[in-house]
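Summary of the model geometry
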Amino acid sequence: MQATILVVEEEEDIAGLIAHHMHGAGFNVTVAYNGAAAFKEIDKQLPDLILLDLMLPDMDGVEVCKLLKQKPNTRDIPIIMVTAKAEEVDRIVGLELGADDYVVKPFNTRELVLRVKGILKRVKAPKEEPKLLSHGALIVDMDAHRVT
């Protein structure tokens, strides 16, 4: 099953460029040009990952990220902020709000695709069960190197 990427970007040219490369990498892509449209798209279908611009016309991307991280049904969706805001304080605020990555414009589209794939791979990776050996009441956790 293909992952769905929601691109939230006010500039149509940039949104189209990102969508083209994400689609070329095998992703389903939806585009929203402002925060309100992003929430409408999310209500229709939860994306697997969001590429979020910080400078949107109706509400900034920081507010969008904050609202997404507060809702139970969207808090675990990975977010990559894609923005022209390159100051250290902007990157720190974005990451503190729960963004999984921060990419500064201009960016390399191939690198962006690889970042998306990397995050999705980590998010979708099955959680490994701890390796336990037991004999009677003795239990050895091989991963934690602990005996109980």
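For the structure, see preceding data.
Figured I'd write up the structure that's included with this text. (Residues numbered from 1 in each chain as written. Predicted model: local features only at pLDDT ≥ 70, side-chain atom pairs only at ≥ 80, totals over all residues. Heavy atoms only, no water.)

1. Here we look at the sheet that holds strand β7 (residues 138-141)
Sheet strands associate in pairs through backbone hydrogen bonding, adopting either a parallel or an antiparallel arrangement. Defined as follows: Pairs of strands are assigned from DSSP output, requiring at least two bridges between the strands. Put simply, DSSP H or I for four residues or longer makes a helix, DSSP E for two residues or longer makes a strand, and each gets a number counted from the N terminus.
One open sheet accounts for 3 strands, arranged β6-β7-β8; its pairing is antiparallel. Edge positions in the open sheet fall to β6 (132-135) and β8 (146-147), since each of these has one partner strand only. Two elements, β7 and β8, share 2 bridges in a ladder whose sense is antiparallel. Each residue of the ladder has a partner; that of V140, found in β8, is V147.

2. Let's talk about the side chain of D101
We apply this condition: The classification of residues rests on relative accessible area computed with a 1.4 Å probe and restricted to protein chains. Under 20% of the type maximum is buried, over 50% is exposed, and intermediate values are partly exposed. Distance and chemistry together define a polar contact, namely a pair of N or O atoms within 3.5 Å, with one atom able to donate a hydrogen and the other to accept it when in protein, and with adjacent residues in sequence counting only for side-chain atoms on both sides. Contact definition: two residues touch when any of their heavy atoms are within 4.5 Å.
Within the secondary structure, D101 is located in strand β5 (residues 101-104). We classify D101 as buried; its relative accessible area is 16%. Here R115 takes part through its side chain, which lies 2.7 Å from a polar atom of the side chain of D101. If near-sequence neighbours (up to four positions away) are discounted, D101 is found in contact with I79, I80, M81, L95, R115 and I119.

3. Quick word on the nonpolar core
Selection criterion: Here the nonpolar core consists of buried residues drawn from Ala, Val, Leu, Ile, Met, Phe, Trp, Tyr and Cys, with membership extended through side-chain atoms lying within 4.5 Å.
In this structure, I18, L51, I80, L112 and V116 are the most contacted members of the largest nonpolar core, which totals 19 residues. Secondary structure elements with two or more residues in this core: β1 (4-8), α1 (12-24), β3 (49-52), β4 (79-83) and α5 (109-124). The leading source of residues in this core is α5, at 5 residues. With residues up to four places along the chain from it excluded, the contact list for I80 reads L49, I50, L51, L52, D101, V103, L112, R115, V116 and I119. Counting 18 residues, the second largest nonpolar core, distinct from the first, contains V8, A38, I79 and Y102.

4. A closer look at a negative patch on the surface
Heads up, the rule is: Like charges are joined within 9 Å and nonpolar side chains (Val, Leu, Ile, Met, Phe, Trp, Tyr) within 5 Å, but only among residues with over 30% relative accessible area and no salt bridge; these make up the patches. Only the protein chains shown count as cover for residues, with accessible areas throughout obtained via the Shrake-Rupley method and a probe of 1.4 Å. Within this document, salt bridges are pairs made up of a side-chain nitrogen of Lys or Arg and a carboxyl oxygen of Asp or Glu, the two lying within 4 Å of each other. His residues and chain termini do not enter the charge count, which takes Lys and Arg as positive and Asp and Glu as negative. The atom standing in for a charge is NZ when the residue is Lys, CZ when it is Arg, CG when it is Asp and CD when it is Glu.
The grouping of E10, E11, E12 and D13 at the surface amounts to a negative patch. Along the chain, E11 turns up in the loop between β1 and α1. According to the relative accessible area criterion, E11 is partly exposed, its value standing at 44%.

5. Here we look at the sheet that holds β3
Using the following cut-off: Only C-alpha atoms enter the line fits that serve as axes; for helices the fit covers just the stretch in contact. Angles between N-to-C directions range over 0 to 180 degrees.
If you trace the 5 strands from one edge of the open sheet to the other, you get β2-β1-β3-β4-β5, paired in parallel fashion. Two strands bound the open sheet, and with one partner strand each, they are β2 (28-32) and β5. Put simply, the sheet's adjacent strands are angled 20° from each other on average, direction ignored. Across the face of the sheet, α1 comes into contact with β1, β2, β3 and β4 while running at roughly 170° to β2.

6. Some details on the pairing of β3
Burial along β3 is two-sided: the face carrying L49 and L51 and the face carrying I50 and L52 are both buried. Note that β3 and β4 share 3 bridges and pair parallel. Among the inter-strand pairings, L52 is bridged to a residue of β4, identified as M81.

7. As for the packing of helix α2 (residues 35-44) against helix α3 (residues 61-70)
To describe two helices that pack against each other, one gives the angle between their axes and the distance between the axes. What counts, and what does not: Geometric relationships in this document are graded by angle, where less than 35 degrees denotes roughly parallel, more than 145 denotes roughly antiparallel, 65 to 115 denotes roughly perpendicular, and other angles denote oblique. Each crossing gets its handedness from the near helix: less than a right angle anticlockwise from the far helix is left-handed, clockwise is right-handed. Residues were grouped as follows: Ala, Val, Leu, Ile, Met, Phe, Trp, Tyr, Cys and Pro as nonpolar; Asp, Glu, Lys and Arg as charged; and all remaining residues, including Gly, as polar.
Packing of α2 against α3 leaves a shortest axis separation of 10 Å and a crossing angle of 25°. Of the possible angle classes, the one that applies to α2 and α3 is roughly parallel. Once α2 is placed against α3, the crossing between them reads as right-handed. For the pair α2 and α3, the contacting residues are G35, F39 and I42 in the first and V64, L67 and L68 in the second. Residue classes in the contact of α2 with α3 are distributed as 5 nonpolar, 1 polar and no charged.

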